Amino acid sequence: MERWAVIGGGMLGMTLALRLVQAGRRVTLIESAAGPGGLAAAWRIGGVTWDKHYHVTLLSDSRLRSLLGELGLDDEIVWTQTRTGFYSGGQHHSMSSSLDFLLFPPLGLVDKFRLGLTIFAASRTRDWQRLENILVEDWLVSWSGRRTFEKMWKPLLISKLGDGYRRTSAAFIWATIQRLYAARRSGMKREMFGYVPGGYARILDCFTARLRSLGVDMQTGVKVLGLQGSGGRVRITTSTGGEEFDRAVSTVPGLGTPSNVTYQGIVCASLLLREPLTPYYVTNITDPGLPFTGVIDMSALVDRAHFGGNALVYLPKYVAPDDPLFGEPDTGIEASFLDGLAAMYPKFRREDVLAFRVSRVRHVFPVPVPGYSCLVQPFATATPGLFCVNSSHIVNGTLNVNETVTLAERALPGLLSVPTAAPLEATV
Ligand SMILES: Cc1cc2nc3c(=O)[nH]c(=O)nc-3n(C[C@H](O)[C@H](O)[C@H](O)COP(=O)(O)OP(=O)(O)OC[C@H]3O[C@@H](n4cnc5c(N)ncnc54)[C@H](O)[C@@H]3O)c2cc1C
């Protein structure tokens, strides 16, 4: 039987491992961290186990939901209609309904009309390749006007892309709006956000159990150090030794990515608080000067019983992989982030912070520069038998688990169709 190694035990590697084993391959999954999940992994904060990075599932996440269905979890998803806020001009504003939009003070009526038209235009556009050749700033200014760009779009772009927004194509904003409008397009009236009780910890437990029951050899805490072609097969050197496989597929972000594609990273703080900060799941920040780029109050979505009756808040700061913030100790980040919260929420009290943890990831998603889809490398590498499939291959979508699962399933036929170099019977 053909032996495959899947490198990286995030949702991409796990989905590939599942589909490969279902296609009759023998699979070893190699993950450097102590447990699977990657960006979707869970951790402990103040006695609570929940996602290290905030995660929601959308009603329209059909490929992910179908995978959760296979794991027996889709029916368990709790769906909630959440609210969105904006922090603009030192004030909190709701942006959760058409009425909120009409009453939104930071913009005048004409600006609102043009902003609405921009979102409508993006939601109706099918030809994303055309948008890939236009800078996001040029496209947004042409639809929304310079004033709205400076007031709304620019701070939102900076919050996700930093200065990288200047070399980002309009396909980025198109993909973001498409995701948010997917449910409405498919006939569902409103988008709902959902979570599996227990969060990704539960999803990953069930996923791991399924992979093991199908015979996948899951090796965690094992780091891949080198990959080498060896007569049509692939030799993998790891922190615990080395082994040869008929085929190997790496899902490690950034690996095999062309040098002109740069990744955006994240420093993301999780806070366990006695009380929720806000009724909004997401608060977008358009004011400059705060140390984080958004506030995500998970307790607006998830039953607080999961947090021991407390509230779980995330404060992300998206940064370039070489940003000095990666070298900042947790204590420094905690001090500046709590100052930021105190400035934004007068009722916030430092005594209510029960726990504070910081996650740092240098490679989260590639910055979609103009012409991005032409830069993306094929799945097959120059080394026979070795493939690279990772987040750089998501060309017309944002990074989310639905896209990740879709990518694994899209890549699979190509991976399986490459013939092996030698008769397998002779090599096994
Ligand atoms: C802050 C944040 C919020 C998000 N919110 C959402 C959301 O609300 N909804 C949603 O659907 N998605 C969300 N996502 C996106 C989601 O987490 C990703 O789509 C998904 O987890 C990507 O999985 P992956 O396997 O491609 O990458 P990763 O999760 O990065 O997996 C790569 C794996 O490779 C391993 N690895 C790296 N180097 C080696 C090596 N040398 N040897 C062995 N293993 C190695 C890593 O440890 C890691 O486990 C969010 C992501 C972030 C960061």
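Source: prediction; values computed, not measured.

### Quick notes on helix H12 (residues 401–417)
Here H12 spans 25 Å end to end across 17 residues, near enough to the 24 Å set by a 1.5 Å rise per residue. At Ala411, H12 shows its largest bend, some 30 degrees, and a proline, Pro413, comes one to four positions later. Among the residues of H12, Val401, Asn402, Thr404, Val405, Leu407, Ala408, Glu409, Ala411, Leu412 and Leu415 are the ones counted as buried. Regarding H12, its N-cap is Asn400, as a side-chain oxygen of that residue lies 3.1 Å from the backbone nitrogen of Asn402 further along.

### A few points about the pairing of strand E11 (residues 224–230)
Here six bridges tie E11 to strand E12 (residues 233–238), and the two strands are oriented antiparallel to one another. Of the residues in E12, the one forming a bridge with Gln228 is Arg235. The turn linking E11 back onto E12 is made up of two residues, and Gly231 within it adopts a positive phi angle of 60 degrees.

### Digging into the domain arrangement of the chain
Domain annotation for the chain reports domain 1 (3–40 + 61–70 + 200–260 + 369–427), domain 2 (98–185) and domain 3 (263–366). Each of domain 1 and domain 2 was reduced to a C-alpha centroid, and the two centroids are 34 Å apart. Area buried by domain 1 at its contact with domain 2 is led by Pro370, Asn396 and Thr398, which between them contribute 47% of it. Along the contact surface separating domain 1 from domain 2 lie one salt bridge. With a shortest N-O distance of 2.7 Å, Arg179 and Asp61 are connected by a salt bridge. At the boundary of domain 1 and domain 2, one finds four residue pairs in polar contact (both at pLDDT 80 or more).

What counts and what doesn't
Residues numbered from 1 in each chain as written. Predicted model: local features only at pLDDT ≥ 70, side-chain atom pairs only at ≥ 80, totals over all residues. Heavy atoms only, no water. Helix = DSSP H or I, 4+ residues; strand = E, 2+ residues; numbered from the N terminus. Expected span 1.5 Å × (residues − 1). Bend = angle between axes of the 7 residues up to and from the residue. Buried < 20%, exposed > 50% of the residue type's maximum accessible area, 1.4 Å probe, protein only. Polar contact = N/O pair within 3.5 Å; in protein donor to acceptor, adjacent residues only side chain to side chain. Pairing = 2+ DSSP bridges. Domains from an automatic or database assignment. Buried area = accessible area lost by both parts, 1.4 Å probe. Salt bridge = Lys/Arg side-chain N within 4 Å of Asp/Glu carboxyl O.

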